[in-house]
There are 2 protein chains.
Amino acid sequence: MTWQRAAVLRVLGGCQDFVSAQELHALLEAAGRGVGLTTVYRALRALAATGRVDVVRDDAGERLYRRRVADGHRHYLMCRCCGRSQPVAAEVVEEWAERVGRDAGFAAVQHTVELTGICALCVPNADEGEPPCRSGPARHGEHRTHSN
Amino acid sequence: MTWQRAAVLRVLGGCQDFVSAQELHALLEAAGRGVGLTTVYRALRALAATGRVDVVRDDAGERLYRRRVADGHRHYLMCRCCGRSQPVAAEVVEEWAERVGRDAGFAAVQHTVELTGICALCVPNADEGEPPCRSGPARHGEHRTHSN
DNA sequence: GATGGACATGGAAGTCGTTTTCAATTAGCC
DNA sequence: GGCTAATTGAAAACGACTTCCATGTCCATC
Ligand SMILES: [Mn+2]
Ligand SMILES: [Mn+2]
Ligand SMILES: [Zn+2]
Ligand SMILES: [Zn+2]
């Protein structure tokens, strides 16, 4: 465990919502702790492999990461407008996935379940024209530039 | 509707499983009907927008397309080894998604649900080491090169 | 049959998240 | 301190996908 990986995990813990690798890299730069982008990707991949972070893909296919609060597998409901996210109870889906896979004679069944919508705070703004997930007004006003 | 789009739709109908845009392009070339890769992408996007094809993303983020047999929204169970896919009943998940979104005060809730596993025909081969979805032995033996 | 405009095509070039490369640095151990 | 294996990170490569734009095709109108 190097100081770079520790920094990645700490900054990730400071975000309560999903962030991209590049956003995380920018946050680390802003915090003074410059960490190479390559290292950020490597750290995130390792953290995802060990289950310490959850990963989703936005509409553009970009991977977004969020620190897993408690142990165990979770699914989330995320606002397409501001990025706010919250874990949801998904036992129903877990059982459904297992049953469907077993009935079809499949082994090692895996599932991907992602919920998105427009949160109560974003509905009035009604900016939901196109924003392919988080490219629109982000964090309730602060447009996330996402330059490169 | 041009002959290019018709060809895309027809070849897509000949595949009973999910195929990528590039695979479809190669199939069209092999069938003598050369269609530009750009046109294939455009046709698939249009077909997806009008609901005539379903779209999933594999582990690598690549989009895979499959002609929708009947009207209405569907979810699929796909073999990570050979690509074989079959629609599954998902009313349970539809209701769950709607309820969870409503309870959280979200509007315009959308969901992504994808099931993958190793099908009965692929289990003996047990080639499930790493193949990040269809990059391994595909179509039961015929390695899909997927060169570029 | 000619004409013009709206739309589709497709090769080439660009975009962009992510991975690979590889020389330099660092962590951990004797 | 010295040694070795792992980690770092800037630069380059990768690859799916999109955008550009010159050319082609359809079709209503004259
Ligand atoms: Mn689950
Ligand atoms: Mn559904
Ligand atoms: Zn919101
Ligand atoms: Zn199979």
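Note that the coordinates shown come from a computational prediction; the quantities given were computed from them, not determined experimentally.

Comments concerning the pairing of strand β4 (residues 75-79) of chain B
Residues and elements named next belong to chain B.
Line of reasoning, step 1. Of all the five residues making up β4, five are buried; the element is thus mostly covered by neighbouring parts of the structure.
Line of reasoning, step 2. Burial of the side chains of β4 extends over both faces: His75, Leu77 and Cys79 are buried on one face and Tyr76 and Met78 on the other.
Line of reasoning, step 3. Here β4 pairs with strand β5 (residues 85-88) via four bridges, running antiparallel. Bridged to Met78 within β5 is Ser85.
Line of reasoning, step 4. Once β4 ends, the chain turns through five residues before running back antiparallel as β5, passing Gly83 with a positive phi of about 90°.
Line of reasoning, step 5. As defined by bridge partners, β4 adjoins strand β6 (residues 107-118) across three bridges and the pair is classed as parallel. Within the sheet, the bridge partner assigned to Met78 lies in β6 and is Thr116.

Looking at the coordination of the zinc ion (ligand 3)
All names here are of chain A.
Line of reasoning, step 1. Coordination of the zinc ion (ligand 3) by the protein involves Cys79 (SG), Cys82 (SG), Cys119 (SG) and Cys122 (SG), with metal-donor separations of 2.2 to 2.4 Å.
Line of reasoning, step 2. For the zinc ion (ligand 3), the four donor atoms are set out with angles of 105 to 113° between them, so the coordination reads as tetrahedral.
Line of reasoning, step 3. As a motif over one chain, the donors of the zinc ion (ligand 3) read C-x2-C-x36-C-x2-C. Residue Cys82 is found in the loop between β4 (75-79) and β5 (85-88), and its partner Cys119 is found in the segment after β6 (107-118); the two are separated by 37 residues along the sequence. Of the two residues, Cys82 and Cys119, both sit in the buried class.

Regarding the state of the cysteines
Disulfide: a covalent bond formed between the sulfur atoms of two cysteine residues.
Line of reasoning, step 1. Across all of its chains, the model carries zero disulfides over all chains by this definition.
Line of reasoning, step 2. Of all cysteine sulfurs, the one in Cys82(B) lies closest to Cys15(B), which takes part in no disulfide; the gap is 14 Å.

With respect to the packing of aromatic side chains
All names here are of chain A.
Line of reasoning, step 1. All told, the structure shown has two aromatic pairs over all chains when counted by the stated rule.
Line of reasoning, step 2. For the pair Phe18 and Tyr76, a centre-to-centre distance of 5.0 Å together with 90° between the ring planes defines the contact as edge-to-face. Remark: Tyr76 occurs in strand β4 and Phe18 occurs in the loop between α1 (3-14) and β1 (19-20); sequence separation between them is 58 residues.

Concerning the interface of chain A and chain B
Line of reasoning, step 1. Listed per partner, the contact involves 40 residues of chain A and 39 residues of chain B.
Line of reasoning, step 2. Summed over both partners, the interface of chain A with chain B comes to about 2,900 Å²; 63% of that surface belongs to carbon and sulfur atoms.
Line of reasoning, step 3. If you sort the residues of chain A by the area they bury against chain B, Trp96(A), Phe106(A) and Leu115(A) come out on top, with a joint share of 23%.
Line of reasoning, step 4. At the junction of chain A and chain B, the tally comes to zero salt bridges.
Line of reasoning, step 5. The interface formed by chain A and chain B holds 13 residue pairs in polar contact (both at pLDDT 80 or more) in total.

Description of the confidence of the model for chain A
Line of reasoning, step 1. Looking at chain A, pLDDT values average 87 and 84% of them are 70 or higher.
Line of reasoning, step 2. Ignoring residues within four places in sequence, the model shows residues 128-148 of chain A, a span with pLDDT below 50, making 44 contacts including any to other chains.

Focus on the relation of the copies chain A and chain B
Line of reasoning, step 1. Of the transformation placing chain A onto chain B, the axial shift is 0.0 Å and the rotation is 179°, giving an RMSD of 0.1 Å. On the angle and the small slide along the axis, the relation comes out as a two-fold axis. Closest to the rotation axis within chain A is the C-alpha of Val113(A), separated from it by 2.3 Å.
Line of reasoning, step 2. Interface overlap between copies is the fraction of interface residues in one copy that are interface residues in the other; for chain A against chain B it reaches 98%, indicating a shared surface.

With respect to the sheet that holds strand β2 (residues 53-57) of chain A
Residues and elements named next belong to chain A.
Line of reasoning, step 1. The strand order across the open sheet built from three strands is β1-β3-β2, with neighbouring strands paired in antiparallel fashion. With partners counted over all chains shown, the strands left at the sheet margins are β1 and β2, one partner each.
Line of reasoning, step 2. One ladder, built from five bridges, connects β2 with strand β3 (residues 63-67); its direction is antiparallel. Across the sheet, residue Val53 finds its bridge partner in β3, namely Arg67.
Line of reasoning, step 3. Docked against the sheet, α1 engages β1, β2 and β3, running at close to 85° with respect to β3.

Comments concerning helix α2 (residues 21-30) of chain A
All names here are of chain A.
Line of reasoning, step 1. Every buried residue of α2 is accounted for by Ala21, Glu23, Leu24, His25 and Leu28.
Line of reasoning, step 2. The secondary structure elements touched by the buried residues of α2 are α1, β1, α3 (37-49) and β3.
Line of reasoning, step 3. Where α2 terminates, the next one or two residues include Gly32, which has phi positive at roughly 85°.

Remarks on the nonpolar core
Line of reasoning, step 1. The biggest cluster of nonpolar side chains holds 32 residues, and the ones touching the most others in it are Cys79(A), Trp96(A), Cys122(A), Cys79(B), Trp96(B) and Cys122(B).
Line of reasoning, step 2. When contributions to this core are tallied by element, the ones reaching two or more residues are β4, α4 (91-103) and β6 of chain A together with β4, α4 (91-103) and β6 of chain B.
Line of reasoning, step 3. With sequence-adjacent residues up to four places away left out, Cys79(B) is seen in contact with Phe106(A), Arg84(B), Gly117(B), Ile118(B), Cys119(B) and Cys122(B).

So, how was this worked out
Residues numbered from 1 in each chain as written. Chains lettered and ligands numbered in written order. Predicted model: local features only at pLDDT ≥ 70, side-chain atom pairs only at ≥ 80, totals over all residues. Heavy atoms only, no water. Buried < 20%, exposed > 50% of the residue type's maximum accessible area, 1.4 Å probe, protein only. Helix = DSSP H or I, 4+ residues; strand = E, 2+ residues; numbered from the N terminus. Pairing = 2+ DSSP bridges. Donors = N, O, S within 2.8 Å, 3.2 Å for Na, K, Ca; no water. Tetrahedral: all angles 85-135°; square planar, octahedral: opposite > 155°, others 65-115°. Disulfide = S-S within 2.5 Å. Phe/Tyr/Trp six-rings, centres within 6.5 Å; stacked < 30°, edge-to-face > 60°. Contact = heavy atoms within 4.5 Å. Buried area = accessible area lost by both parts, 1.4 Å probe. Salt bridge = Lys/Arg side-chain N within 4 Å of Asp/Glu carboxyl O. Polar contact = N/O pair within 3.5 Å; in protein donor to acceptor, adjacent residues only side chain to side chain. pLDDT = per-residue confidence, 0-100. Least-squares fit on C-alpha atoms with pLDDT ≥ 70 in both. Axes fitted to C-alpha atoms, helices over the stretch in contact; angles between N-to-C directions. Core = buried A, V, L, I, M, F, W, Y, C linked by side-chain atoms within 4.5 Å.

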